[in-house]
Amino acid sequence: MSVNKVILVGNVGKDPEIRHLDSGVAVANFPLATSESYTAKNGERITTTEWHNIVLWRGLAEVAEKYVSKGRQLYIEGRIRTRSYDDKDGNKRYITEIYGDNMQMLGPKGDEKPANGQFNQGQGNSNSTPQSPSVNEPEIDDSGGDEDLPF
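Residues numbered from 1 in each chain as written. Predicted model: local features only at pLDDT ≥ 70, side-chain atom pairs only at ≥ 80, totals over all residues. Heavy atoms only, no water.

1. A few points about the overall build of the protein
A count of helical and extended segments in the protein gives one helix and seven strands. Along the protein, helices and strands appear, N-terminal first, in the series β-β-β-β-α-β-β-β. Counting the 151 residues in the protein, one finds 34% classified as buried. Across the protein, contacts joining residues at least 24 apart in sequence account for 57% of those joining residues at least 6 apart. Total accessible area on the protein is roughly 10200 Å²; 45% of this is exposed by carbon and sulfur atoms. (Helix = DSSP H or I, 4+ residues; strand = E, 2+ residues; numbered from the N terminus. Buried < 20%, exposed > 50% of the residue type's maximum accessible area, 1.4 Å probe, protein only. Contact = heavy atoms within 4.5 Å. Areas by Shrake-Rupley, 256 points an atom, 1.4 Å probe, with all protein chains shown as cover.)

2. Considerations on the pattern of salt bridges
Counted under the stated rule, the structure contains six salt bridges. Taking the shortest distance from any N to any O, the salt bridge between glutamate 77 and lysine 5 comes out at 2.8 Å. Of the two residues, glutamate 77 is situated in strand β5 (residues 73-86) and lysine 5 in the segment before β1 (6-12); the sequence distance between them amounts to 72 residues. Using a relative accessible area of 51% as the deciding quantity, one classes lysine 5 as exposed. (Salt bridge = Lys/Arg side-chain N within 4 Å of Asp/Glu carboxyl O.)

3. Description of the nonpolar core
In globular proteins that are soluble, nonpolar side chains generally tend to be buried together. By size, the foremost hydrophobic cluster in this structure holds 19 residues, and its most contacted members are Leu32, Ile54, Leu56, Leu74, Ile76 and Met103. At the level of secondary structure, the elements contributing two or more residues to this core comprise β1, β3 (26-39), β4 (45-57), α1 (58-67), β5 and β6 (92-105). Beyond its immediate chain neighbours, meaning those up to four positions away, leucine 56 contacts Ala26, Val27, Ala28, Phe30, Ala61, Ala64, Gly100 and Met103. One finds Val27, Val55, Trp57 and Tyr99 within the second-largest nonpolar core, a separate group that totals six residues. (Core = buried A, V, L, I, M, F, W, Y, C linked by side-chain atoms within 4.5 Å.)

4. Structural notes on the pairing of β6
Sheet faces and side chains relate simply in a regular strand, where the side chains alternate between the two faces. The pairing of β4 with β6 spans three bridges and is parallel. Within the sheet, the bridge partner assigned to valine 55 lies in β6 and is tyrosine 99. Summarising the sheet, β5 and β6 pair through 13 bridges and their orientation is antiparallel. Following the sheet pairing, aspartate 86 is matched in β6 by lysine 92. (Pairing = 2+ DSSP bridges.)

5. Some thoughts on the packing of aromatic side chains
Inspection of every chain in the model, using the stated rule, returns one aromatic pair. Seen from the ring of tyrosine 99, arginine 81 lies directly overhead, with NZ or CZ sitting 4.9 Å from the centre. (Phe/Tyr/Trp six-rings, centres within 6.5 Å; stacked < 30°, edge-to-face > 60°. Lys NZ or Arg CZ within 6 Å of the ring centre and 35° of its normal.)

6. A look at the environment of tryptophan 51
With respect to the element layout, tryptophan 51 can be found in strand β4. Separated by 38 residues in sequence, tryptophan 51 and glycine 13 have C-alpha atoms that sit 8.4 Å apart. Leaving out residues up to four positions away in the same chain, tryptophan 51 has contacts with Gly13, Pro31, Leu32 and Ala33.

Here it is in structure tokens:
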């Protein structure tokens, strides 16, 4: 058994970029910054920031398009995916992304943005219905049964 689960709480680095695939499936991409602070031996306060590439699909992408903006604090739960591509010079490049399954908006309530709204993949709004995965997101077969689980 293996587990690929990521939980992040951080701030959105820029407004989400939204695309609609030929099949109509919405995809949102944006950077999320997480920071960690500590005090060095000399008493200096040090903060390090890690940037994460977030990818949201379907209903979550639609929610991100409406409510997520630069600076917004988010809770993201998902899984790590690494993919490769060839750049314009023909060099192979790799990118690591977080495919979000759940998102919760944190922080103070904005004028037009709901605070503390929790959203799950495929549940972006009450009218959304589950759609088949796109070519870029393989379908996961969960029908293997729970017989192997130790709990």
